[in-house]
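So you can see what is in the structure, the chains are spelled out below.
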Amino acid sequence: MAFLRVREILKQADEKKTSVIAFNCIDYSTIYSVIAVAEELNKPAICMLYPEHAYGKNVINLAGFASTVKSLAERVSVPIGVHLDHSSDYSFIIEAIKSGFTSVMYDGAMLPLEENIANTRKVVETAHLLGADVEAELGYIGLAEKDLDTDAYTQPEIAARFVNETGVDSLAIAIGSAHGIYASTPHLDLQRLDEINAATEAFLVLHGGTGIPEDQLEAAFTRGINKLNVGTEYLRLWKSSMAKYTMDETCLPEEAPGKVQEQLMNYLRKKMQLTKM
Ligand code: 13P
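Now for a quick tour of the structure.

### Structural notes on the site of the ligand
Inference 1: Close to the ligand lie 15 residues, the nearest being Asp-85, Gly-208, Thr-210, Gly-231 and Thr-232.
Inference 2: In this structure, Gly-180 approaches the ligand through a main-chain N or O atom, which is 2.8 Å from an oxygen atom.
Inference 3: Within the contact set of the ligand, an oxygen atom lies 2.5 Å away from a side-chain nitrogen or oxygen of Thr-232.
Inference 4: Coverage of the ligand by the protein chains reaches 99% of its 310 Å² of free accessible surface.
Inference 5: Those elements that provide at least two residues to the shell around the ligand are β3 (80-87) and β8 (225-230).

### A word on the pattern of salt bridges
Inference 1: Tallied over the entire structure, the rule returns twelve salt bridges.
Inference 2: In this structure, the salt-bridge partner of Lys-70 is Glu-74, at a minimum N-O distance of 3.3 Å.
Inference 3: Assessed through its relative accessible area of 33%, Glu-74 is described here as partly exposed.
Inference 4: A salt bridge links Glu-165 to Arg-161, with the shortest nitrogen-to-oxygen separation between them at 2.9 Å. Taken together, the residues span about one helical turn, with Glu-165 and Arg-161 both in helix α6 (residues 156-166) at a distance of four residues.
Inference 5: Among the residues examined, Arg-161 registers a relative accessible area of 30% and is labelled partly exposed.
Inference 6: Where salt bridges share partners, they join Glu-114, Arg-161 and Glu-165 into one cluster.

### Topic: the packing of helix α2 (residues 28-41) against helix α10 (residues 256-272)
Inference 1: Running from N to C, α2 and α10 point in directions that differ by 45°, and their axes come no closer than 9 Å. Of the possible angle classes, the one that applies to α2 and α10 is oblique. Here the hand of the crossing between α2 and α10 comes out right-handed. Residues Tyr-28, Ser-29, Thr-30, Tyr-32, Ser-33, Val-34, Ala-36, Val-37, Ala-38, Glu-40 and Leu-41 of α2 form the contact with α10, whose own contacting residues are Pro-257, Gln-261, Leu-264, Met-265, Leu-268, Arg-269 and Met-272.

### Structural notes on the pairing of strand β6 (residues 170-173)
Inference 1: With burial as the criterion, each face of β6 is covered, one bearing Ser-170 and Ala-172 and the other bearing Leu-171 and Ile-173.
Inference 2: Two elements, strand β5 (residues 133-138) and β6, share four bridges in a ladder whose sense is parallel. Each bridged residue has a counterpart across the sheet, and for Glu-135 the counterpart in β6 is Ser-170.
Inference 3: Assessed by its sense of winding, the connection that carries the chain from β5 through α6 to β6 is right-handed.

The rules behind each value
- Residues numbered from 1 in each chain as written.
- Predicted model: local features only at pLDDT ≥ 70, side-chain atom pairs only at ≥ 80, totals over all residues.
- Heavy atoms only, no water.
- Near = heavy atom within 4 Å.
- Polar contact = N/O pair within 3.5 Å; in protein donor to acceptor, adjacent residues only side chain to side chain.
- Areas by Shrake-Rupley, 256 points an atom, 1.4 Å probe, with all protein chains shown as cover.
- Helix = DSSP H or I, 4+ residues; strand = E, 2+ residues; numbered from the N terminus.
- Salt bridge = Lys/Arg side-chain N within 4 Å of Asp/Glu carboxyl O.
- Buried < 20%, exposed > 50% of the residue type's maximum accessible area, 1.4 Å probe, protein only.
- Axes fitted to C-alpha atoms, helices over the stretch in contact; angles between N-to-C directions.
- Parallel < 35°, antiparallel > 145°, perpendicular 65-115°, else oblique.
- Left-handed = near helix turned anticlockwise from the far one by under 90°.
- Contact = heavy atoms within 4.5 Å.
- Pairing = 2+ DSSP bridges.
- Right-handed = clockwise from strand over helix to strand, strands pointing away.

Laid out in structure tokens, this is it:
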């Protein structure tokens, strides 16, 4: 019985001055591999869904994703959470919670501050009533292939106000990371992280976990990051492994998912070592 609320997992990470790693998953193999390696290494983990994979692309549905994570989590002893990543759609977020997601992200980072506060507060009020945790974004975490805009980094005093006025459980902050493949090596603004961590009680989240050097991640974990999001490198490996084994004439169709899982698990064993939980 190790299906746990995300805020409980983040609390444990905070107490140990480290971070849990949350992986963007897309199907049974990606979910299964995260939970199997978490159990093997005796570390907590979080499986996240990008909203566009459940609508539009229809790769998986909300209830299917949440129940897969929950049923696999109940078979292991380590804490496992399920989280809806980056959604700006109130109705979709509520549908996700009703479908079994116990943690959601409302992303209003592109909106003017007052609107981001008002929308986030509305999501928090409903989510908390329904028993789910909320992550929000403040500042703007952009795309890694573009030049990072340091003006869009999270400001500590605004973070303090945002958390007080919205009641969010966790906050995704902009301190020099971005989504996707970095054009050049990122340099996290650790001084700013210290200031944000001192200014607010919310658990802090670092997005754009693909390609950040390990020494910077380790420093960020000890200085206040409690959740690291990793997507691109995990999903790219899933895709290349699928391509490899579906094209391999010696591999029976029904053997391909297991071979893909082996590749994913080797990657996850290395990545999850970063967390000291
Ligand atoms: P990457 O795709 O850069 O690893 O970032 C994932 C992420 O932050 C999801 O919210």
